[in-house]
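So the chains spell out like this:
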Amino acid sequence: MKRLPRLTLTLLLAGALALPGAGATLVPSPQPAPVTRSVQTAAKLLTPDEVIVLMNAGRLTDAETAARAASAAHPESARSLLLLARIQARQGRFPEARGTLSRAQTLPQWDEQELGVPFESPGDIEQVMLRDPAAARGLLADVLLAEGDDPKAYYLLAMTEALARQWDASGAALAQARALSPDLRFADPESLASLERALQQQRPPELDGPALALSPWWYAWVAVGVFLAWGALVGFRAFRRYLQAERIRRERRVTEATERATALQAQLDEALRQARQQTGPEAQPLVARLTYLNSQLKQWRQEGLDDLATAAMIQVRYDHLHAAVQTEETFVAYMAEQQAREVQREEISPLAAKVHQGQPSSLRKSERSSWSSGRSSSRRDNSGGSKW
């Protein structure tokens, strides 16, 4: 009887071992290996012309990103660094912009393709300033990038920002002009006083006279004129040479504007053709917006024929509106911006009326032709194109 419990325990153990799965060890169930997905986004590399469109439309962050991508993809491209420098200048980052420009000038492409920073004369920029301060701001950024810290450019920038009601920026630009040229001898006293009053009262300046005073060289030209008056033949020949040079200048300007407008018209015609072939709810509104751009381009072409617009000005206006018509949202924003500018233009209409009626502009002839370095403008405007 004493062995009965031991026998019972032995039989129970043997039965347990006979059951299915008895004695199996617990092994964790296999877990699926983590799946790693590599998502590669292949961003489209924009052309130089497309980067310029972004820059002129005020989308400076997007333009900078595109220019840096182009520079990374094409390290040999001086054009990508040139555009990057122009964008940085428009952002107010002039030390960085000039460093970028210096890097571009060390690359072989700079000399091979005769690259350069395009910029306009003071008189041309002043015309833009009265109609479109935002565009004038970009043109002055090009001047300051190409010519360095030009006090005359900073003075015009101060006037531009005041017309745009950007009081802090206007005051900073005027202070910079004074730091470079304390006496501001190139500034007309009445216009300078008007600008200072505008900054104090935060009202657009009332420009009744030239923004830049007469250069000391003007008196030398008066003396030359008096001397030439003694000889009618000499004076007549000088006058005839002047008329001939003026005629050649106007013909060249009209030709450049016409060629630029013709090239843009060809691009727009192709865009209209492609839009008309599209289907979907966005097709018809896009055609309507492109048709509006077409009417504007014809108006700008006529301004070029009337010698009221340069090729560069037509390109700036076209790029801005072309970027705006791509979507309904950007087009609505563009139209709202235009209406705001019309309101602002009415506030400075007395000055604009004087300019359009042939009255003396805010820059006198002796100071409208060139910057402090003596250069009037850049003859090289090849920073764009379809290839890097």
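As the structure is a prediction and not an experimental result, all values here were calculated from the model.

Novice: Report on the overall build of the chain, specifying residues and quantitative values.
Specialist: A tally of regular secondary structure across the chain gives 18 helices and zero strands. By residue count, 41% of the 388 residues in the chain fall in the buried class. Nonlocal contacts in the chain, meaning residues at least 24 apart in sequence, comprise 71% of its contacts between residues at least 6 apart. Surface accessibility of the chain: about 22700 Å² in total, with carbon and sulfur atoms responsible for 57%.

Novice: Describe in detail the packing of aromatic side chains, supporting the description with residues and values.
Specialist: Taken as a whole, this structure holds two aromatic pairs when the rule is applied. For the pair Tyr-155 and Phe-186, a centre-to-centre distance of 5.9 Å together with 70 degrees between the ring planes defines the contact as edge-to-face. Of this pair, Tyr-155 sits in helix H9 (residues 151-163) while Phe-186 sits in the loop between helix H10 (167-180) and helix H11 (189-201), placing them 31 residues apart in sequence. Pair check on accessibility: Tyr-155 and Phe-186 agree, each one buried. The interplanar angle of 80 degrees and the centroid separation of 5.7 Å between the aromatic rings of Tyr-292 and Phe-331 together place this pair among those described as edge-to-face. Placement of the pair is Tyr-292 in helix H14 (residues 283-305) and Phe-331 in helix H16 (residues 328-347), with a sequence separation of 39 residues.

Novice: Which residues make up helix H13 (residues 232-277), and what values do they have?
Specialist: Compared with the 68 Å implied by 1.5 Å per residue over 46 residues, the 67 Å span of H13 between its first and last C-alpha is a close match. If you check which residues of H13 are buried, you get Arg-253, Val-254, Ala-257, Ala-261, Leu-264, Gln-265, Leu-268, Leu-272 and Ala-275. Structurally, H13 contributes buried residues whose contacts are with helix H7 (122-131), H14 and helix H15 (311-324).

Novice: I'd like a description of the nonpolar core, backed by residues and values.
Specialist: Core analysis: the largest hydrophobic core is formed by 65 residues, its most contacted members being Tyr-155, Leu-321 and Trp-371. The leading source of residues in this core is H9, at nine residues. With 13 residues, the next largest nonpolar core counts Val-51, Ile-52, Met-55 and Ile-87 among its residues.

Novice: Requested: an account of the confidence of the model for the chain, with residues and values cited.
Specialist: Residues at a pLDDT of 70 or more form 78% of the chain, whose mean pLDDT is 80. Within the chain, the element-level pLDDT minimum falls on helix H17 (residues 349-356), averaging 50, and the maximum on helix H4 (residues 78-90), averaging 96. Contacts from residues 16-42, a stretch scored under 50 in pLDDT, to residues over four places away or in other chains number two contacts.

Novice: I'd love a proper account of the packing of H13 against H15, names of residues and values included.
Specialist: Between two packed helices, what matters for the description is the angle formed by their axes and the separation of those axes. Where H13 contacts H15, the two axes come as close as 8 Å, and the packing angle between them is 25 degrees. In terms of orientation, H13 lies roughly parallel with respect to H15. Along the contact surface, H13 presents Glu-256, Ala-257, Arg-260, Leu-264, Gln-267 and Leu-268, while H15 presents Ala-311, Ala-312, Ile-314, Gln-315 and Tyr-318. Residue composition of the contact of H13 with H15, by class: seven nonpolar, two polar and two charged.

Novice: Could you give an account of the pattern of salt bridges, naming the residues involved and the relevant values?
Specialist: Summed over all chains, the structure comprises 19 salt bridges. With a closest N to O distance of 2.8 Å, Glu-161 and Arg-137 form a salt bridge. Placement of Glu-161 in helix H9 and of Arg-137 in helix H8 (residues 133-147) is noted, with a sequence separation of 24 residues between them. Overall, the relative accessible area of 29% leaves Arg-137 in the partly exposed class. Arg-375 is the salt-bridge partner of Glu-147, the closest N and O atoms lying 2.4 Å from each other. With Glu-147 in helix H8 and Arg-375 in the segment after helix H18 (365-368), the pair connects residues that are 228 residues apart, well separated along the chain.

What counts as what
- Residues numbered from 1 in each chain as written.
- Predicted model: local features only at pLDDT ≥ 70, side-chain atom pairs only at ≥ 80, totals over all residues.
- Heavy atoms only, no water.
- Helix = DSSP H or I, 4+ residues; strand = E, 2+ residues; numbered from the N terminus.
- Buried < 20%, exposed > 50% of the residue type's maximum accessible area, 1.4 Å probe, protein only.
- Contact = heavy atoms within 4.5 Å.
- Areas by Shrake-Rupley, 256 points an atom, 1.4 Å probe, with all protein chains shown as cover.
- Phe/Tyr/Trp six-rings, centres within 6.5 Å; stacked < 30°, edge-to-face > 60°.
- Expected span 1.5 Å × (residues − 1).
- Core = buried A, V, L, I, M, F, W, Y, C linked by side-chain atoms within 4.5 Å.
- pLDDT = per-residue confidence, 0-100.
- Axes fitted to C-alpha atoms, helices over the stretch in contact; angles between N-to-C directions.
- Parallel < 35°, antiparallel > 145°, perpendicular 65-115°, else oblique.
- Nonpolar A, V, L, I, M, F, W, Y, C, P; charged D, E, K, R; others polar.
- Salt bridge = Lys/Arg side-chain N within 4 Å of Asp/Glu carboxyl O.

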